[in-house]
Each structure stands twice: as structure tokens, then as C-alpha cells.
Amino acid sequence: MPELPEIEAYLHALRPRIEGATLEKARVTSFSLLKTFDPPVHAAEGRTVEGLHRIGKRVSIDLQDELHLVIHLMVAGRFKWLPEPKPVPKRSGLAAFDFSTGSLLLTEAGTKRRASLSVVTSDDLTELDPGGIELSETDLAGFTEALLAGRHTLKRALTDARNLSGIGGAFADEILFRARLSPTQMNTNLSPEELATLFDAATSVLDEWTALRISETGDGFPEKVTAFHPEMMVHGKYGEGCRVCEAPIQRIVAGGRETNYCPGCQ
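Note that the coordinates shown come from a computational prediction; the quantities given were computed from them, not determined experimentally. (Residues numbered from 1 in each chain as written. Predicted model: local features only at pLDDT ≥ 70, side-chain atom pairs only at ≥ 80, totals over all residues. Heavy atoms only, no water.)

1. A word on the layout of surface pockets
As a volume, the largest pocket reaches approximately 1,200 Å³. If you go around the largest pocket, you meet 46 residues; those closest to its centre are Met-1, Thr-159, Gly-168, Gly-169 and Arg-257. For the lining of the largest pocket, the secondary-structure elements that each account for two or more residues are β2 (49-55), α4 (154-159), α5 (169-179), β9 (250-254) and β10 (257-261). If one sorts the elements of the lining of the largest pocket by residue count, β10 sits on top with four residues. In terms of residue class, the lining of the largest pocket is built from 14 nonpolar, 19 polar and 13 charged. As a volume, the second largest pocket reaches approximately 170 Å³. In terms of lining residues, the second largest pocket is bounded by 14 residues, among which Arg-213, Glu-216, Pro-222, Glu-223 and Val-225 are the most central. Looking at the lining of the second largest pocket, the elements with two or more residues in it are α1 (4-18) and α6 (192-217). Tallying contributions element by element places α6 first for the lining of the second largest pocket, with three residues. (1 Å grid on protein atoms, 1.4 Å probe; cavity = no way out; pocket = protein on both sides within 12 Å on 5 of 7 lines; lining within 4 Å. Points joined across faces, edges and corners; volume = space filled by probe spheres on them. Helix = DSSP H or I, 4+ residues; strand = E, 2+ residues; numbered from the N terminus. Nonpolar A, V, L, I, M, F, W, Y, C, P; charged D, E, K, R; others polar.)

Encoded structure:
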């Protein structure tokens, strides 16, 4: 699932391409994609893009007259930029948004359709926000309050979008590795020093990976967006030797989701 760094890379690439452009046509080909009906999606056509912003892991394309196209890529949804409109692929295509500057294609791999599109006014925009705080906008006290909102394992606490914004499984693994904390440790058992270490790890990991994703994109458009990256320390590294202590990276699989960690460092 694209997380905060990947979403920021998409926004970085989209802003120079569609800000100030006109949405000429919205072609939704997947019935399951559209989660709202009023306003209808065609109401967005003919409007100018005034900006873009992130809502957790969602992308909001902000149109004139306070209308917003809010897209959640979920696990397998991806964007592709085309210089001109083309037919939406039958198997993987969900929608295409044809702007005066090019076409934004929305696809989803696999057979499950989880990605979503909501067309909302500014008055309803907050209803799509899970409520988690942005780490870039808080301090240690705010982070601690959010992390301890309920009693959970650290992995679950970090990925709860109602408390912390933009963090999914991949970067939770990387954050916990940097903090040298076990993903199965309970959040309520952390000392003040461990909470401070975790906050520093969370902010630094997200900042560094956002900068890396944007740097990799450059003036182009993000390609092959995946939760795995050769520079990651533990996520997706099951069975490989830890770069710090050489212990084999381990995994926990539950509910179809995988957690990777180093038993030596964490």
C-alpha cells in the first residue's frame, strides 16, 4: 500500500502537471470505485485544479468552487500519467481523468477492487479524514497521546490511521527497527525514553523516505510504486541477514499482513 512517502511523491509529480489545468473528462469504468453519488462525478468536469493535498493515505485533487476528488489507492491502486487520453485498460483500469495537460490513469492490480473515489464538497471533506495526527505537525507529547490512545502492540498502534497519519506496515517495520523496539511490544509498556526514541525514529524515517521517493521521481512520474525497496532495512527482507547484526530477518504473518523485524536488534 502506498504510504506517506509514496503519496507525497505522487503529489510532487502531479502538481506541476495538473495544478491550473482543467479537468475535461472523468471516465470511471469500475462500478466499485465510486463511493459517492452526490455530487455526481461529471460535476467535476470543466473545473480548474486549484491544488492537491494529502489526507492520510488519500490524494485530494482540489477543484474550483470547493469540489474535491479524493482517491484512496488502498493496497494495489496506482497512478500513471499519460501525455494524452487513452482507453482505460479493461483488466486493471478503474478510471481516467483527462486534463487539459494530459491524462491521469488509475489502475489496480489483482482481482479485488479496494481503491476508492469520493466526490465531495469542502463541507464534507473532513468526513474522509481518519483523524490521525501528522507527525510533521506535532511534538513528543502529541505523538505520545496518539500512540497511547488504546492498548495495542507497537505495530498496530503505529498503523492505526485514527491516531497517526500516513503510516502503513512497511514504514512501521522500518520505524521500529530504527527505534530498536519489538513490533509485538505493547505500547503501554514503553518508558519515557523509549517513547522519545520512537518519536525520533518515526519522524526521521518518514522524512528521509519522503525525500528519497521524491528524489527518485525527479521531474518524472513515480513508476513501479511498491512497499519494497532495496534500501529498506527489514521490510521485505525475510531470511536475509540484518545489515547491523547479521541475524536473519524474521516475519510474523497475521490477517494476511506481514511484519518483518530483526530478532537481534529489536
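2. Things to note about the sheet that holds strand β6 (residues 93-99)
Judged by pairing direction, the sheet is antiparallel, and its four strands sit side by side in the order β1-β6-β7-β5 without closing on themselves. Looking at which strands have only one partner, the edges of the open sheet turn out to be β1 (23-28) and β5 (77-82). Sheet twist, expressed as the average angle between the axes of neighbouring strands with direction ignored, equals 15°. Relative to strand β7 (residues 102-108), β5 runs antiparallel, the two sharing six bridges. Bridging across to β7, Leu-82 finds its partner in Ser-103. (Pairing = 2+ DSSP bridges. Axes fitted to C-alpha atoms, helices over the stretch in contact; angles between N-to-C directions.)

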